[in-house]
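Spelled out from the first residue to the last, the chains are:
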Protein chains: 2
Amino acid sequence: MSDLQKPEKNPEMKIVTAAVIVIGDEILSGRTKDKNMLYMAERLNEIGVQLREARIIPDVEAEIVDAVNACRKKYDYVFTTGGIGPTHDDITANAIAAAFNVGIDHHPEAMDILTRHYQTSGIEFNDARKRMARIPDGASLVDNPVSKAPGFQIENVIVMAGVPIIMQAMFEGFADQIHGGAKMLSRTLGVNMPEGKVAAQLGALQEKYPNVSMGSYPYFKQGDVGTNLVFRSIDEGDLNRSFQELSDQLKKEGVELAETT
Amino acid sequence: MSDLQKPEKNPEMKIVTAAVIVIGDEILSGRTKDKNMLYMAERLNEIGVQLREARIIPDVEAEIVDAVNACRKKYDYVFTTGGIGPTHDDITANAIAAAFNVGIDHHPEAMDILTRHYQTSGIEFNDARKRMARIPDGASLVDNPVSKAPGFQIENVIVMAGVPIIMQAMFEGFADQIHGGAKMLSRTLGVNMPEGKVAAQLGALQEKYPNVSMGSYPYFKQGDVGTNLVFRSIDEGDLNRSFQELSDQLKKEGVELAETT
């Protein structure tokens, strides 16, 4: 595929990128299915941010530090999920402080939020729960409307909970602070033939339209072999032109086509 | 969590690690749900290999080279999925050759397999399809019983297809060549209370049993708040002792317990 990350003169065509870092042994062991990566892939796309990488890493401080430091230099935004609860295995806040080489302490605003929350609900605000108010120095809080314990943002890194309903609520509360760029547009052409048959044509078209990314995804359904040809671009004109060109060529050859999503 | 990666005198207790690298724009865009990571997480665990990291990266050569080179030095095995088909966006074989700094050419055995396959099925063995026989120098083939185009192994990197049914068939054919080590054993205790309440006890127990990794996973089901406490270890004795100790403590306190999987 062509690399679409080029500087553009038109600010609307600015490419904004992100990485997602899923922190949690339970995902790597196969015990829990990650739902956060897919959620963010779709939502970031809608906001005009391209998810360029996802990493799933264990609850090990050095691994978190390395992944966060690699990704925060490379992408406009880094979203982490997991490891900000009250138990000993929740080490994300500490690891982020280490990654940024800053201190970490109970954050006054986070302490206020949690004190009120536990007073209202009549639950003891014990030391373990106070761990959830520990926020790296210089970070700002990310609201948690579900269970109150906040996430946080430090520079371009946004730290969220791992439980999907909480992560999604945090993300949606934070979404209007994300500065999106060009939206990646997409069209999909389903053809009733194996990808090896359309490969040469598709390759030639890819060379002609370098700023449209053309992907070929074969499928095998009940003995049926077909291919989804996915065209993606931030340039609507080229997207439609290239899509039409291949459609016309294949129609002439008598290939059965279906535009799918 | 405690880091379990310690050298062990008993070879049965050897820790064998792996990373999975999922290559594909379609996963990052949210268009396709990855099923390969979860499949391998579970199967590797059964074989005595611990999945320590998963990365999802785009179809960009430099990204593939960087991810493969980072992971192959760090883990015993690296499994990649995706990007070995006949179309221009299938660049994994080239990228792996670049990562190992070796040449790449049509592999005689792969050419034989594909020549026979396309002869039998009466399909043209065109140049695009011949791309699927391009294998980095020094690699050995990984059998593809589904659609014939082989994967390959080069040193500790195993390159497989992205389509789940093909990936799974490749993996299963290759599985007996994987040298597993200690099996990670796991027990899960479900408690009907929020994790903040059990956190102190769990933390103390974790300190007492450093070679058992204790994870706490809250859940919220129809207004019900509970926590799954997951104990994992390669040491069955310590696993059972620590699990029993917490169970006994909580039972005494009148907490409702359920051992789940």
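The shown structure was predicted, so the numbers you read here are calculated from the model rather than taken from an experiment.

Draft legend 1. Looking closely at the domain arrangement of chain A. Splitting chain A by domain gives domain 1 (17–177) and domain 2 (185–260). Centre-to-centre separation of domain 1 of chain A and domain 2 of chain A, based on C-alpha positions: 39 Å.

Draft legend 2. Summary view of the interface of chain B and chain A. Between chain B and chain A, the residue contacts involve 49 residues of the former and 49 residues of the latter. Secondary structure elements with two or more residues in the side of chain B that touches chain A: helix H1 (25–28), helix H2 (36–47), strand E2 (50–57), helix H6 (127–130), helix H8 (195–208) and strand E10 (213–221) of chain B. In the side of chain B that touches chain A, the residues fall into 22 nonpolar, 13 polar and 14 charged. Two strands pair when backbone bridges link them, and strand E2 (residues 50–57) of chain A and E2(B) are joined in this way by 3 bridges, in the antiparallel orientation. Bridged to Arg55(A) within E2(B) is Arg55(B).

Draft legend 3. Layout of the sheet that holds strand E9 (residues 185–191) of chain A. Residue and element names in this part refer to chain A. Spatial strand order, E10-E11-E9-E12: 4 strands in an open sheet with antiparallel pairing. Each end of this open sheet is capped by a strand with a single partner; those strands are strand E10 (213–221) and strand E12 (257–260). Between one strand axis and the next, the sheet turns through 25° on average, direction left out of account. Judged from the 7 bridges that link them, E9 and strand E11 (residues 224–233) form a sheet pairing that is antiparallel. Note that in E11 the partner of Gly190 across the bridge is Asn228. Contacts between helix H8 (residues 195–208) and the sheet are confined to E9, E10 and E11, with E10 contributing the most and set at about 170° to the helix.

Draft legend 4. Broad picture of helix H2 (residues 36–47) of chain A. With 12 residues, H2(A) should reach 16 Å at 1.5 Å per residue; the first-to-last C-alpha distance of 16 Å fits that figure. All of the buried residues in H2(A) are Asn36(A), Met37(A), Met40(A), Ala41(A), Leu44(A) and Asn45(A). Along the axis of H2(A), the buried positions cluster into a sector of 155°, meaning they face one direction only. On its buried side, H2(A) packs onto strand E1 (17–23), E2, strand E3 (77–81) and helix H7 (164–174) of chain A together with H1 of chain B. Once H2(A) ends, the next one or two residues include Gly48(A), with phi positive near 90°.

Calculation notes
- Residues numbered from 1 in each chain as written.
- Chains lettered and ligands numbered in written order.
- Predicted model: local features only at pLDDT ≥ 70, side-chain atom pairs only at ≥ 80, totals over all residues.
- Domains from an automatic or database assignment.
- Contact = placed C-beta atoms within 7 Å.
- Helix = DSSP H or I, 4+ residues; strand = E, 2+ residues; numbered from the N terminus.
- Nonpolar A, V, L, I, M, F, W, Y, C, P; charged D, E, K, R; others polar.
- Pairing = 2+ DSSP bridges.
- Axes fitted to C-alpha atoms, helices over the stretch in contact; angles between N-to-C directions.
- Expected span 1.5 Å × (residues − 1).
- Buried ≥ 20, exposed ≤ 12 C-beta atoms within 10 Å, placed from the backbone.
- Arc of directions from axis to C-beta.

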